[in-house]
Amino acid sequence: MRQLVASWVLAEEEAHGNAIGQAIERMNSALDTTTNASRVSEWRRGVYVPSAIAISYMLARTLAWAVKRSTITATDSQMDRLDALLWEMYLQDGEPHAELL
């Protein structure tokens, strides 16, 4: 999990323009959680493991960035198919959400 958390932090900064505090706020808002920077730091060091829903969220926010950074070229349609293979997509309170299958 440490690598996913580290990659999520980079993806938030590079692909989404969010500093770590903003990324955590966004995740807390999306998941209705109270994660703080100390806990994310513990995830990065392997002290604790994120919840399944947090892992799913981080992967969803990181995947497109990782594909692009690896220099693999994927069309929007291909990324949509990849998303469909990995996540159950649904609306919650009118907002799109994805949960790892």
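Since this is a predicted model, take the numbers as computed values, not measurements. (Residues numbered from 1 in each chain as written. Predicted model: local features only at pLDDT ≥ 70, side-chain atom pairs only at ≥ 80, totals over all residues. Heavy atoms only, no water.)

**Section: the environment of Asn36**
With respect to the helices, strands and loops of the structure, Asn36 is situated in the loop between α2 (20-31) and α3 (37-45). Asn36 sits 16 residues away from Ile20 along the chain, and the two C-alpha atoms are 9.9 Å apart. Reaching out from Asn36, the side chain makes a polar contact with the backbone nitrogen of Ser38 at a distance of 3.1 Å. (Helix = DSSP H or I, 4+ residues; strand = E, 2+ residues; numbered from the N terminus. Polar contact = N/O pair within 3.5 Å; in protein donor to acceptor, adjacent residues only side chain to side chain.)

**A look at the pattern of salt bridges**
Within the structure shown, the criterion is met by three salt bridges. Taking the shortest distance from any N to any O, the salt bridge between Arg69 and Glu14 comes out at 3.8 Å. Taken together, the residues Arg69 in helix α4 (residues 52-69) and Glu14 in helix α1 (residues 2-14) connect sequence positions 55 residues apart. (Salt bridge = Lys/Arg side-chain N within 4 Å of Asp/Glu carboxyl O.)

**Some details on the packing of aromatic side chains**
Applying the stated criterion across every chain yields a total of zero aromatic pairs. The ring of Tyr48 carries the charged tip of Arg39 above its face, separated from the ring centre by 4.1 Å. (Phe/Tyr/Trp six-rings, centres within 6.5 Å; stacked < 30°, edge-to-face > 60°. Lys NZ or Arg CZ within 6 Å of the ring centre and 35° of its normal.)

**Digging into α4**
Counted at 1.5 Å a residue, the expected span for α4 with its 18 residues is 26 Å, and the 25 Å between its end C-alpha atoms agrees. Along α4, the helix axis deviates most sharply at Thr62, where the bend reaches about 40°. All of the buried residues in α4 are Ala54, Ile55, Ser56, Tyr57, Met58, Arg61, Thr62, Leu63, Trp65 and Val67. One or two steps after α4, the chain reaches Thr71, where phi turns positive at roughly 70°. (Expected span 1.5 Å × (residues − 1). Bend = angle between axes of the 7 residues up to and from the residue. Buried < 20%, exposed > 50% of the residue type's maximum accessible area, 1.4 Å probe, protein only.)

**Quick notes on α3**
One turn of the α-helix equals 3.6 residues, which is why residues spaced by three or four share an orientation. Within the sequence span of α3, burial applies to Val40, Glu42 and Trp43. Seen end-on, α3 carries its buried residues on one side only, within an arc spanning 155°. The inward-facing, buried residues of α3 contact α1, α2 and α4. Of the residues flanking the start of α3, the one acting as N-cap is Asn36, its side-chain oxygen 3.1 Å from the backbone nitrogen of Ser38. (Arc of directions from axis to C-beta. Contact = heavy atoms within 4.5 Å.)

**Remarks on unusual backbone geometry**
Look at Asp32: it is not a glycine, yet its phi comes out positive at around 55°. Locating Asp32 in the fold gives a position in the loop between α2 and α3. The phi dihedral of Asp93 is positive, around 55°, even though this residue is not glycine. Tracing the sequence through the fold places Asp93 in the loop between β1 (87-92) and β2 (95-100).

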